[in-house]
Amino acid sequence: MMFKTIWFRFSGVLKQKSVVRFSSRAAEGAVAPPADGSVTAEQAVRLWATHFRLHGISEPLLSSQYIISHVLGEKTLECVPRKRLRDTLTDTEIEKVWKLCSKRLTKMPVQYVIEEWDFRDLTLKMKRPVFIPRPETEELVSLVLEDLRLMQGESHKTDLRGLEVGCGSGAISLSLLRSIPQLRVFALDQSQTAVCLTMENANRLGLQDRLYVHHLDVIKDAGEIMSKCEPVDFIVSNPPYLLSQDMKTLQTEILRFEDHAALDGGLDGLSVIRPILGLGSELLTERGRVYLEVAPCHPPVIQQLIEEMMPGLLYLETHCDLTNRPRFCILQKKGEND
């Protein structure tokens, strides 16, 4: 979970000698579309980047580039033919650009503005206020995949089962299912909107037959989860882990638009992590593992919690994210000889 609004995987700024100047209705936070209907994609990018900057929108140029490339049917401007960038936008394209960019003026995250986002090799539908997947969570998926492939090689298992707590848009479960055909996943979320979005993404990707999604709260419905879920080889979660006192430090984009229940982990950030560990003790097969994305302050706390209160689990290791912060905890259910 990295608390920035948007992340772009392309670089390069377009250079354009001509400049378009349209009147700005600053009081309304809007830009008047061109009166004669003549504006190129390059000119629209520059215009909206300037206006975003004037109104304090984070990453103004990238926001403008990403929205306009989406309207042109591509993920980035680098994918758009240069001639297309210099062609005049159609009336329909202008209308869509102005509509989407006006939404961004409200500080709505780009992922909600264009209603999609890429996660690893998947393009997922996004819907507010379902939590937007962050780059660190891609690292979490890589850790799980590495272990699962080793597990398959060592045990020759043809049937793997997993549990995801807090599926959100389905990013983690669907990435794992796409990569491992022998896998089935039981996923749950406390948000009905998230459950529906996960199923919609699963259906779009053709992965619905191996995914079982339930509207359940890991804190309130632990008994029901254990009765419905078969023993699993692993549990994975990017749970809410922010300390409640830190919620007020988040960007306006996050506070205004994303589900607070997917962010706020209670006084110590562990209100959801504790019941997940409890499920690990009950649902994991022997030597099954728990993979958690957590706050940098959490790994030693979780290790102490396991040692003092959960004798059936073993704290294996902590992994750092790309910024070298301790971010991922891996635990294992003890076997008979452990």
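Residues numbered from 1 in each chain as written. Predicted model: local features only at pLDDT ≥ 70, side-chain atom pairs only at ≥ 80, totals over all residues. Heavy atoms only, no water.

Caption draft 1: Here's a closer look at the confidence of the model for the protein chain. Per-residue pLDDT for the protein chain has a mean of 88; in total, 88% of the residues score no lower than 70. The low-confidence segment residues 2–28 (pLDDT under 50) makes 74 contacts with residues lying over four places distant or belonging to another chain. (pLDDT = per-residue confidence, 0-100. Contact = heavy atoms within 4.5 Å.)

Caption draft 2: Looking closely at the sheet that holds strand 5 (residues 160–165). Read from one edge to the other, the open sheet built from 7 strands follows the order 7-6-5-8-9-11-10, with strand pairing classed as mixed. Two strands close off the open sheet at either side, each with one partner strand: strand 7 (211–215) and strand 10 (313–320). Within this sheet the neighbouring strands show an average axis-to-axis angle of 15°, counted without direction. Pairing analysis gives 5 bridges linking strand 9 (residues 284–293) to strand 11 (residues 326–333), with the strands arranged antiparallel. In the strand pairing of strand 11, Tyr291 is matched with Ile330. Across the sheet, helix 8 (residues 192–205) touches strand 6 (183–189) and strand 7, and the angle it forms with strand 7 is around 165°. Lying over the sheet, helix 12 (residues 298–309) contacts strand 9, strand 10 and strand 11, oriented at roughly 175° with respect to strand 10. (Pairing = 2+ DSSP bridges. Helix = DSSP H or I, 4+ residues; strand = E, 2+ residues; numbered from the N terminus. Axes fitted to C-alpha atoms, helices over the stretch in contact; angles between N-to-C directions.)

Caption draft 3: Main features of the pattern of salt bridges. Per the counting criterion, the structure on display carries 19 salt bridges. Linking Arg84 and Glu93 is a salt bridge whose minimum nitrogen-to-oxygen distance equals 2.2 Å. Between Lys125 and Glu115 there is a salt bridge, with its nearest N and O atoms 4.0 Å apart. Of this pair, Lys125 sits in strand 4 (residues 122–125) while Glu115 sits in the loop between helix 5 (110–114) and strand 3 (116–119), and the two are 10 residues apart along the sequence. Through salt bridges with shared partners, a single network forms among Glu136, Asp321, Arg325 and Arg327. (Salt bridge = Lys/Arg side-chain N within 4 Å of Asp/Glu carboxyl O.)

Caption draft 4: The arrangement of the packing of helix 2 (residues 60–71) against helix 4 (residues 91–105) in detail. Running from amino to carboxyl end, helix 2 crosses helix 4 at an angle of 145°, the nearest separation of the two axes being 10 Å. Between helix 2 and helix 4 lies a crossing whose hand is right-handed. Across the interface between the two elements, Ser63, Ile67, Ile68, His70 and Val71 from helix 2 touch Glu93, Lys96, Val97, Leu100, Cys101 and Arg104 from helix 4. (Left-handed = near helix turned anticlockwise from the far one by under 90°.)

Caption draft 5: Here's a closer look at helix 12. The terminal C-alpha atoms of helix 12 lie 16 Å apart, and with 12 residues this matches the ideal 16 Å at 1.5 Å per residue to within 8%. Restricting attention to buried positions, one finds in helix 12 the residues His298, Pro299, Ile302, Leu305 and Ile306. The arc enclosing the buried residues of helix 12, seen along the axis, measures out at 125°, which places them on a common side. What points out from helix 12, more than 90 degrees from its buried face, is the exposed set Pro300, Glu307 and Glu308. Elements that come into contact with the buried residues of helix 12 comprise helix 11 (273–283), strand 9, strand 10 and strand 11. (Expected span 1.5 Å × (residues − 1). Buried < 20%, exposed > 50% of the residue type's maximum accessible area, 1.4 Å probe, protein only. Arc of directions from axis to C-beta.)

Caption draft 6: Main features of the packing of aromatic side chains. Tallied over the entire structure, the rule returns 3 aromatic pairs. Each ring, one from Trp48 and one from Trp98, has its centre 5.6 Å from the other, and the planes form 75°; the classification is edge-to-face. Taken together, the residues span a long stretch of sequence, with Trp48 in helix 1 (residues 41–54) and Trp98 in helix 4 at a distance of 50 residues. Overall, the relative accessible area of 0% leaves Trp48 in the buried class. In this structure Trp98 comes out as buried when scored by relative accessible area, which is 7%. Each ring, one from Tyr66 and one from Trp117, has its centre 5.0 Å from the other, and the planes form 50°; the classification is tilted. Pair noted here: Tyr66 is in helix 2 and Trp117 is in strand 3, with a separation of 51 residues, a long-range link. (Phe/Tyr/Trp six-rings, centres within 6.5 Å; stacked < 30°, edge-to-face > 60°.)

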